[in-house]
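Structural description and commentary
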Amino acid sequence: MIVSDLQNSSRIEGLHPLFKALFEYVKANDLLHAELGRIELKGDDLYINNVNPECVASDKQVLEVHRDYIDVHILLEGTETIGWTAIGDVSCEIKPYEKEGDCALYSDTPAVFVTLRPEQFMIVYPEDPHAPVIGEGKIRKLIAKVRI
């Protein structure tokens, strides 16, 4: 897991060959006022879901785990808390992994909670079970999917 501000994204762009393209696109476009939905940057290798979800209470959110993609959660508006725990600490599977959707779900309680403000992002790798969209009210965010 990595948490930082968009202004510091250049420090981590070398960690994956597609991170630089992602952060350049996000910083060059007004995505807060863009249409909701999928934004294709490099087909299924790099795309962004521009979403406007309603936040939920932490005890109502589950941990999700991916295998094929890194998630980059970028907050545009509102306040979002994301729970995290180590992959070795999840055991209460409530939905087995499905290749379609690249996701398994767990009901374990996160060990750490991080609160994001606009212009901040969290990168979660497949070894990072995470519970996004915790809080109150609607938020506007980007969920970039970066193929491993």
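Looking at an unreviewed UniProt entry, the protein carries the name YhcH/YjgK/YiaL family protein, with the source organism given as Bacteroides helcogenes.

Quick word on the side chain of Asp 128
As for its position among the elements, Asp 128 is in the loop between strand S10 (120-124) and strand S11 (130-134). The side chain of Asp 128 sits in the buried core without any salt bridge; Lys 145 is the nearest counter-charge, 12 Å away. A distance of 2.9 Å separates a polar atom in the side chain of Asp 128 from the backbone nitrogen of Met 1. Residues contacting Asp 128, with those up to four places away along its chain left out, are Met 1, Glu 64, Trp 84, Thr 85 and Ile 123.

Topic: the nonpolar core
Within the largest apolar cluster, 22 residues are counted, with the highest numbers of intra-cluster contacts made by Phe 19, Phe 23, Val 72 and Ile 123. Only helix H1 (19-28), strand S3 (46-51), strand S5 (69-77), S10 and strand S12 (140-147) provide two or more residues apiece to this core. With near-sequence residues (within four places) excluded, Phe 23 lies in contact with Leu 6, Ser 9, Ile 12, Glu 13, Val 72, Ile 74, Phe 121 and Ile 123. Counting nine residues, the second largest nonpolar core, distinct from the first, contains Ile 82, Val 114, Leu 116 and Val 133.

Quick notes on the pattern of salt bridges
On inspection of all chains with the given rule, the structure shows seven salt bridges. Lys 20 is the partner of Glu 24 in a salt bridge, and the nearest nitrogen-oxygen pair spans 3.6 Å. Highlighted residues: Glu 24 and Lys 20, both in helix H1, separated by four residues, approximately one helical turn. Look at Glu 24 and you get partly exposed, because its relative accessible area is 43%. Note on Lys 20: relative accessible area 44%, which makes it partly exposed. Ionic pairing is found between Glu 40 and Arg 38, a salt bridge with its closest N-O pair at 2.9 Å. Bridged by salt links that share partners, the residues Arg 38, Glu 40 and Asp 44 form one connected network.

Points about the sheet that holds S12
Strand order in this open sheet of six strands is S1-S10-S5-S12-S3-S2, and the pairing throughout is antiparallel. This sheet does not close on itself; its edge strands, each paired only once, are strand S1 (2-5) and strand S2 (37-40). Pairs of neighbouring strands in the sheet enclose a mean axial angle of 20°, with direction left out of account. Sheet topology note: the S1/S10 ladder contains four bridges and is antiparallel. Residue pairing across strands places Val 3 opposite Met 122, the latter belonging to S10. Across the face of the sheet, H1 comes into contact with S2, S3, S5, S10 and S12 while running at roughly 15° to S5.

Conventions we followed
Residues numbered from 1 in each chain as written. Predicted model: local features only at pLDDT ≥ 70, side-chain atom pairs only at ≥ 80, totals over all residues. Heavy atoms only, no water. Helix = DSSP H or I, 4+ residues; strand = E, 2+ residues; numbered from the N terminus. Buried < 20%, exposed > 50% of the residue type's maximum accessible area, 1.4 Å probe, protein only. Lys, Arg positive; Asp, Glu negative; His and termini not counted. Salt bridge = Lys/Arg side-chain N within 4 Å of Asp/Glu carboxyl O. Polar contact = N/O pair within 3.5 Å; in protein donor to acceptor, adjacent residues only side chain to side chain. Contact = heavy atoms within 4.5 Å. Core = buried A, V, L, I, M, F, W, Y, C linked by side-chain atoms within 4.5 Å. Pairing = 2+ DSSP bridges. Axes fitted to C-alpha atoms, helices over the stretch in contact; angles between N-to-C directions.

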